[in-house]
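Examining the three-dimensional arrangement
Here's the letter readout for the chains.
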Amino acid sequence: MFVDRVLSGMRPTGSLHLGHYHGVLKNWVKLQHEFQCLFFVADWHALTTHYDAPEIIGQNVWDMVVDWLAAGVDPSQATLFIQSQVPEHAELHLLLSMITPLGWLERVPTYKDQQEKLTDKDLSTYGFLGYPLLQSADILIYRANRVPVGEDQVPHIEFTREIARRFNHVYGRETGFEQKAEAAVKKLGVKRSKLYRELRTRYQQQGDQEALAAAKALLEEAANLSMGDRERLFGFLEGGGKMILSEPHALLTEASKMPGLDGQKMSKSYNNTITLREDADSVTKKIRTMPTDPARVRRSDPGDPDKCPVWEFHKVYSDDATRDWVQKGCRSAGIGCLECKQPVIDAVLKEQEPMRERAQLYLDDPTLVRNIIAEGSDRAHKLAAETMRDVRNAMGLNYS
Ligand code: TRP
Ligand code: SF4
């Protein structure tokens, strides 16, 4: 039976916080019981934007793996590895680059967005332009069919599907397919076969989706085609020959509802985070000093939870009874803000307790983590090698 294969990666660009836990890691922990899962540290991807800060990457890689393990990602259920330990990712990236039109990369929305956003960095590099293609290689090399990602990454998955289709089209044709397809084109008649060829060229050379749709419509309307020829011409358009690389689907991860200490989204760049394994004193202090409804200056002033970041935490962490207590107590000035914060502090500490414990095991014995990654990279390498054999064969690179 075919088991769905899930793959996802994370860039090691800073320590993980509760936003990552609620947004991503909790989901990974759930998925690992349902599917064959591969999770990896995308260290090369981090270099596309942090090429001038290699020391940050080295440090963060191991911290991040410990964070994953602390969150409950289980190495006996999921395969954990580091991208650069499986160099076949780079080989596939290179080979795919041969058939990747520059226009496709330039049109990926994150390319311009990130360049405009990260103005302190020069991102007009070859590596940064190729970011989505490296991601495609990550996915296609494992023939992963489900990729858990946030909304912002969906265009990268769509791009990956187009690359897989193009690869299959260029290298996946069976013997005699071309001749049969050519013969079928002729059967379209002079005018329509000319149009079909033009549309096909436009789609294949420029990725023109309208041309693809028009060519499909043309085939639907061509009444004199046999079923076999029609199928062939659909395949000829897009590459329906042999499937060497399989097209993945995005498994959309719901955006995290985890608020930051200031009420904005929790994010390192806003400096409003609680890290995954932050020590209890620091967590307590951060929550005790976090801002509240600014209208509540004195203890005797009533407040409005809707204007208070602490309430956002209650929404994540508290049960109905506690929330009710907050609503009433705040609006009537019946409770003080420190009092109101205590259940949040307790809940966050309780959530973190098993994470701190699990992490301690790995901090005490770092060879455990090294071994988990060595084993995972080995397993990943074996899967990658299978795909690479097919890819090299298809591209004429089999010299043995
Ligand atoms: N680009 C992803 C991000 O920024 C990380 C990533 C790299 C990834 N390769 C991947 C995610 C492959 C899913 C699959 O979040
Ligand atoms: Fe915020 Fe609670 Fe204080 Fe109301 S009582 S302002 S909800 S911290």
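These lines cover the structure that appears in this document, whether it is placed above or below. Position numbers for residues start from 1 in each chain and track the written sequence from start to end. Each chain gets a letter, beginning with A, and each ligand a number, beginning with 1, in the order they are written. This being a predicted model, a pLDDT of at least 70 is required before a residue's local features are given, and a value of 80 or more before pairs of side-chain atoms are given or counted; all residues contribute to the totals for chains, interfaces and linings. Side-chain metrics rest on all non-hydrogen atoms present in the structure, leaving aside hydrogens and water.

Brief notes about unusual backbone geometry
Of note, Arg143 is a non-glycine position whose phi angle comes to about 50°, a positive value. The way it works is that DSSP assigns letters per residue, a run of H or I at least four long becomes a helix, a run of E at least two long becomes a strand, and they are numbered from the N terminus. Within the element layout of this structure, Arg143 appears in the loop between helix H8 (131–140) and strand S4 (146–149). With a phi angle near 60°, Asn271 is a residue other than glycine that sits in the positive phi range. Among the secondary structure elements, Asn271 is positioned in the loop between strand S5 (249–252) and helix H14 (280–288).

Notes on the site of ligand 1
The full set close to ligand 1 counts 14 residues, and Arg11, Tyr131, Gln135, Asp138 and Gln153 are the nearest of them. Side-chain polar atom of Arg11 to an oxygen atom of ligand 1: 3.1 Å apart, as the coordinates give it. A 3.5 Å cut-off defines polar contacts: any pair of N or O atoms within that distance qualifies, except that in protein one atom must be a possible hydrogen donor and the other a possible acceptor, and neighbouring residues in sequence count only when both atoms are side-chain atoms. At 2.7 Å, a side-chain N or O of Tyr131 approaches a nitrogen atom of ligand 1. Computed by Shrake-Rupley with a 1.4 Å probe, the accessible areas treat only the displayed protein chains as cover when residues are assessed. For ligand 1, the protein covers 91% of the area, taking 360 Å² as the surface of the free molecule. At the level of secondary structure, the elements contributing two or more residues to the shell around ligand 1 comprise strand S1 (5–10), H8 and S4. With four residues, H8 is the single largest residue contributor to the shell around ligand 1. In the scheme used here, Gly and all other residues not listed as nonpolar or charged are polar, with Ala, Val, Leu, Ile, Met, Phe, Trp, Tyr, Cys and Pro taken as nonpolar and Asp, Glu, Lys and Arg as charged. Across the shell around ligand 1, the residue classes break down as seven nonpolar, five polar and two charged. Only heavy atoms are used to decide nearness, and a residue is near a molecule or strand if one of them lies within 4 Å of it.

Focus: the side chain of Asp229
When you line up the elements, Asp229 lands in helix H13 (residues 227–238). Three labels apply to residues, based on accessible area from a 1.4 Å probe with only protein chains included: buried if under 20% of the type maximum, exposed if over 50%, partly exposed otherwise in between. Assessed through its relative accessible area of 6%, Asp229 is described here as buried. A polar side-chain atom of Asp229 sits 2.7 Å from a polar atom in the side chain of Lys187. We call two residues in contact whenever any of their non-hydrogen atoms come within 4.5 Å of each other. When neighbours within four sequence positions are excluded, Asp229 is seen to be in contact with Ala184 and Lys187.

What about empty space enclosed by the protein?
Where empty space is left in the structure can be found by rolling a water-sized probe over the atoms. The method works on a 1 Å grid over the protein atoms by themselves. A cavity is a set of points holding a 1.4 Å probe that cannot get out, a pocket is an open set with protein on both sides within 12 Å along at least five of seven lines, and residues with an atom within 4 Å of a point line them. Grid points are joined across faces, edges and corners, and a volume is the space filled by probe spheres set on the points. This structure, assessed with the given rule, holds one cavity of 30 Å³ or more. Approximately 110 Å³ is the volume attributed to the largest cavity. Elements with a minimum of two residues in the lining of the largest cavity: helix H15 (309–317), helix H16 (320–331) and helix H17 (337–364). Taken together, the residues that form the lining of the largest cavity break down as nine nonpolar, one polar and two charged.

Focus on the site of ligand 2
As a structural note, the neighbourhood of ligand 2 is formed by Thr292, Asp293, Arg296, Cys308, Val310, Val326, Cys330, Cys337 and Cys340. A pocket or cavity is taken to hold a molecule when more than half of that molecule's atoms are within 2 Å of the pocket's grid points. When atoms are counted within 2 Å of each cavity's grid points, the one that captures over half of ligand 2 is the largest cavity. For the shell around ligand 2, the secondary-structure elements that each account for two or more residues are H16 and H17. For the shell around ligand 2, the class distribution of residues is six nonpolar, one polar and two charged.

These results come straight from atomic positions and should not be treated as a statement about function.
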